[in-house]
Amino acid sequence: MGERLHTTRIDLAEEIRIAVIQLLNRSLATALDLKTQVKQAHWNVKGPQFVALHELFDDMAGELDGFVDELAERVTALGGTALGTARIAAATSILPEYPTDIAEGREHVQALADRYAPFAQHVRAAINETDELGDADTADLYTEISRAVDKRLWFLEAHLQAER
Ligand SMILES: [Fe+2]
């Protein structure tokens, strides 16, 4: 899917660009899936922490939207086709579906932490993969995303740790 490249003057070998594009499209699908899951939490969270969590989740969704765009545009910069529809995201994301039977703030924080963690792991692995492929710019993009995702995971885990 989307392996035929457009010509570009970027001086990265075609086989390297193909490998990076495949990885980027998997990250794009996962970031898009995660963004919709965070919105799901933003809309449905209940309880005494409603306002704080409702707003936090919206900030997180907005941040992921930015990463979706950056990942997609790195794909196209490398001569690839960005694969970022909802259907492709659902089919390709590394995350499980978000539960629709939870309401309490703590349950949503837990569900999101359980999804940010595998995304953080995927992004950190992608830093090394793209670095080893010789694409320092994509590695830099992944590093930026990794730092932000780790920080969000800290925000989420801080809620869980405070209630113990
Ligand atoms: Fe909203």
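Our structure's up above, just so we're on the same page.
Below is a summary of the structure that appears in this document. In this text the structure is predicted, and so the values were computed from the model without any measurement.

Details of the overall build of the protein
Then, in step 1: Each helix and strand counted, the protein has five helices and zero strands in total.
Then, in step 2: On the principal axes, the C-alpha backbone points of the protein span a range of 55 × 30 × 20 Å.
Then, in step 3: Out of the 164 residues in the protein, the part that is buried amounts to 43%.
Then, in step 4: For the protein, contacts bridging at least 24 residues in sequence account for 77% of all contacts bridging at least 6.
Then, in step 5: Counting only carbon and sulfur atoms, one obtains 50% of the accessible surface of the protein, whose full area is about 8,700 Å².
Then, in step 6: Of note, the protein has its 16 positive side-chain charges centred 2 Å away from the centre of its 28 negative side-chain charges.

Here's the deal with the pattern of salt bridges
Then, in step 1: Across all of its chains, the model carries five salt bridges by this definition.
Then, in step 2: Two residues, Asp 58 and Lys 39, come together in a salt bridge whose shortest N-O distance is 2.7 Å. Placement of Asp 58 in helix 2 (residues 50-77) and of Lys 39 in helix 1 (residues 14-44) is noted, with a sequence separation of 19 residues between them.
Then, in step 3: The partner of Glu 63 in a salt bridge is Arg 152, and the shortest N-O contact between them spans 2.9 Å. Placement of the pair is Glu 63 in helix 2 and Arg 152 in helix 5 (residues 136-162), with a sequence separation of 89 residues.
Then, in step 4: Glu 63 sits in the partly exposed class, given a relative accessible area of 22%.

Overview of the packing of aromatic side chains
Then, in step 1: Taken as a whole and assessed by the stated rule, the structure comprises one aromatic pair.
Then, in step 2: Centre to centre, the rings of Trp 154 and Phe 155 are 5.2 Å apart; their planes meet at 70 degrees, and the pair counts as edge-to-face.
Then, in step 3: For Phe 155, a relative accessible area of 26% corresponds to the partly exposed category.

Looking at the nonpolar core
Then, in step 1: Among the nonpolar cores identified, the biggest contains 47 residues, and Val 38, Phe 57 and Tyr 116 are the most heavily contacted of them.
Then, in step 2: Secondary structure elements with two or more residues in this core: helix 1, helix 2, helix 4 (105-132) and helix 5.
Then, in step 3: Ignoring sequence-local partners within four residues, the contact set of Val 38 consists of Phe 57, Met 60, Ala 61, Leu 64, Leu 112 and Tyr 116.

Concerning the packing of helix 2 against helix 4
Then, in step 1: For the pair helix 2 and helix 4, interaxial distance at closest approach is 12 Å and the crossing angle is 20 degrees. With respect to each other, helix 2 and helix 4 are oriented roughly parallel. Every pair of crossing elements has a handedness; the one defined by helix 2 and helix 4 is left-handed. Each of Leu 53, Phe 57, Met 60 and Leu 64 in helix 2 lies in contact with helix 4, whose residues at this interface are Gly 105, His 108, Val 109, Leu 112, Tyr 116 and Phe 119.
Then, in step 2: Classifying every residue of the contact of helix 2 with helix 4 gives eight nonpolar, two polar and no charged.

Quick look at the side chain of Arg 17
Then, in step 1: Structurally, the position occupied by Arg 17 is in helix 1.
Then, in step 2: Although Arg 17 is buried, it forms no salt bridge, and the closest oppositely charged side chain is Glu 14 at an N-O distance of 4.2 Å.
Then, in step 3: Non-local contacts of Arg 17, meaning those with residues more than four positions away in its chain, are made with Leu 5, His 6, Thr 8, Leu 12, Leu 78 and Gly 79.

Conventions and cut-offs
Residues numbered from 1 in each chain as written. Predicted model: local features only at pLDDT ≥ 70, side-chain atom pairs only at ≥ 80, totals over all residues. Heavy atoms only, no water. Helix = DSSP H or I, 4+ residues; strand = E, 2+ residues; numbered from the N terminus. Buried < 20%, exposed > 50% of the residue type's maximum accessible area, 1.4 Å probe, protein only. Contact = heavy atoms within 4.5 Å. Areas by Shrake-Rupley, 256 points an atom, 1.4 Å probe, with all protein chains shown as cover. Lys, Arg positive; Asp, Glu negative; His and termini not counted. Charge placed at Lys NZ, Arg CZ, Asp CG, Glu CD. Salt bridge = Lys/Arg side-chain N within 4 Å of Asp/Glu carboxyl O. Phe/Tyr/Trp six-rings, centres within 6.5 Å; stacked < 30°, edge-to-face > 60°. Core = buried A, V, L, I, M, F, W, Y, C linked by side-chain atoms within 4.5 Å. Axes fitted to C-alpha atoms, helices over the stretch in contact; angles between N-to-C directions. Parallel < 35°, antiparallel > 145°, perpendicular 65-115°, else oblique. Left-handed = near helix turned anticlockwise from the far one by under 90°. Nonpolar A, V, L, I, M, F, W, Y, C, P; charged D, E, K, R; others polar.

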